[in-house]
Amino acid sequence: MSESPDRTPLPRSFFDRPVLEVAPDLLGRTLVRNSPEGRMELRLTEVEAYAGEIDPGSHAFRGRTARNAVMFGPPGHAYVYFTYGMWHCLNLVCGPEGRASGVLLRAGEILIGAEAARTRRRSARNDTELAKGPARLATALDVAGSLNGTDVCAGPEAPLAVLTGTPPAAGLIRTGPRTGVGGDGAPHPWRFWIDGDRTVSPYRAHVPRKRPGSPRLDSTVTDA
């Protein structure tokens, strides 16, 4: 990177906006993960927007449940979910309280803590693959269900925080269909990424699940 990223924490007002404004604006921001094992930082390079009850691709499309309750809460909190019995994924809640929406963090570049990420992502062939995909990102940063509901606006020393970073030039932001989303939510061009960045994950179209009892197919699993 050609310039030092801005270390200013993003305020809650940043997240208290429509999801389609927040999602592309998260690109280039610095995600911080503080834990007893040390501090890690990641530059966000790929995200996806999910618009709650108006979005067939969202966990909140059919209303509030115990699983998605955090999405209906105040903006600026982490929504962490477990998928297919194997992986966690990290989202940031945005929009006004009571109206569910969130941004899935799909990929990024590890800026601090690459050594720790390598111990968790031993299958990565190089550092550009450490957080290349949502399950990989969560694994590399040691994000688990215990972080669900974490306030990312509580300060830079909180378990999760987001700093201003260095947003890319507008001309470098690309948009297209979300990875692995099928049905009525498939056409939405709500995946955003930084053009040409090697940490961005490859697009994969939705693959229907097999019948019960057969191995499950899911884009998150193939990203991991």
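Just so it is clear, the structure is predicted and the values come from calculations on it, not from any experiment.

## Section: the pairing of strand S5 (residues 87–93)
Right, on to step 1. Of all seven residues that make up S5, five are buried, and the element is covered over most of its length.
Right, on to step 2. Note that strand S4 (residues 78–83) and S5 share six bridges and pair antiparallel. Across the sheet, residue Ala78 finds its bridge partner in S5, namely Leu92.
Right, on to step 3. Connecting S4 to the next strand, S5, in antiparallel fashion are three residues, including Tyr84 with a positive phi near 55°.
Right, on to step 4. Across three bridges, the pairing between S5 and strand S6 (residues 102–112) is antiparallel. Counted as the bridge partner of Leu92 is Val103 from S6.

## Topic: the confidence of the model for the chain
Right, on to step 1. On average, residues of the chain carry a pLDDT of 91, and 92% of them reach 70 or more.
Right, on to step 2. Segment residues 211–224 is flagged for pLDDT under 50; beyond a separation of four residues in sequence, or across chains, it makes 28 contacts in the model.

## Observations regarding the packing of aromatic side chains
Right, on to step 1. According to the stated counting rule, one finds two aromatic pairs in the structure shown.
Right, on to step 2. Seen from their ring centres, Phe14 and Phe15 are 5.1 Å apart, and the 75° between their planes marks the pair as edge-to-face.
Right, on to step 3. Above the plane of the ring of Phe14 lies Arg17, whose end atom (NZ or CZ) is 4.6 Å from the centre.
Right, on to step 4. Between Arg191 and the ring centre of Trp193, over which it is positioned, the NZ or CZ distance is 4.2 Å.

## A few points about the state of the cysteines
In a disulfide, the sulfur atoms of two cysteines are held together by a covalent bond.
Right, on to step 1. All told, the structure shown has zero disulfides when counted by the stated rule.
Right, on to step 2. Left unpaired, Cys89 is separated from the closest cysteine sulfur, that of Cys94, by 17 Å.
Right, on to step 3. We classify Cys89 as buried; its relative accessible area is 0%.
Right, on to step 4. Here Cys153 is not cross-linked by a disulfide; its sulfur's nearest cysteine counterpart is in Cys94, at 11 Å.

## Thoughts on the nonpolar core
Right, on to step 1. Counting residues in each nonpolar core, the largest one holds 40 residues, and the members touching the most others are Phe15, Leu26, Leu90, Val103, Leu105, Ile110 and Leu137.
Right, on to step 2. The biggest single contributor to this core is strand S3 (residues 38–50), with five residues.
Right, on to step 3. Aside from chain neighbours lying at most four places away, what touches Ile110 is Met40, Glu41, Leu42, Ala117, Leu130, Ala131 and Leu141.
Right, on to step 4. In this structure, Val70, Met71, Leu104 and Val181 belong to the second largest nonpolar core, which totals 12 residues.

Cut-offs and rules
- Along every chain, residues carry numbers that run from 1 in the direction the sequence is written.
- pLDDT decides what is reported in this predicted model: residues at 70 or higher carry local features, side-chain atom pairs at 80 or more are listed and counted, and totals for whole chains, interfaces and linings draw on all residues regardless.
- Only heavy atoms go into the side-chain values, all of them from the structure, while hydrogens and water stay out.
- Only protein chains enter the calculation, and the probe is 1.4 Å; a residue is then buried if its accessible area is under 20% of its type maximum, exposed if over 50%, and partly exposed in between.
- Secondary structure elements follow DSSP: runs of H or I of four or more residues count as helices, runs of E of two or more count as strands, with numbering from the N terminus.
- Any two strands with at least two DSSP bridges between them are considered paired.
- Confidence scores here are pLDDT values: one per residue, from the predictor, ranging 0 to 100.
- Should any heavy atoms of two residues lie within 4.5 Å, those residues are counted as being in contact.
- Stacked, tilted and edge-to-face pairs are distinguished by plane angle, under 30 degrees for stacked and over 60 for edge-to-face with tilted covering the rest, among Phe, Tyr and Trp rings (Trp via its six-membered ring) whose centres lie within 6.5 Å.
- Charge-over-ring contacts are defined here by two conditions on Lys NZ or Arg CZ: a distance within 6 Å of the ring centre and an angle within 35 degrees of the ring normal.
- Here, a disulfide means two cysteine sulfur atoms that sit within 2.5 Å of each other.
- Joining through side-chain atoms within 4.5 Å is the link that ties buried Ala, Val, Leu, Ile, Met, Phe, Trp, Tyr and Cys residues into a set, and such a set is a nonpolar core.

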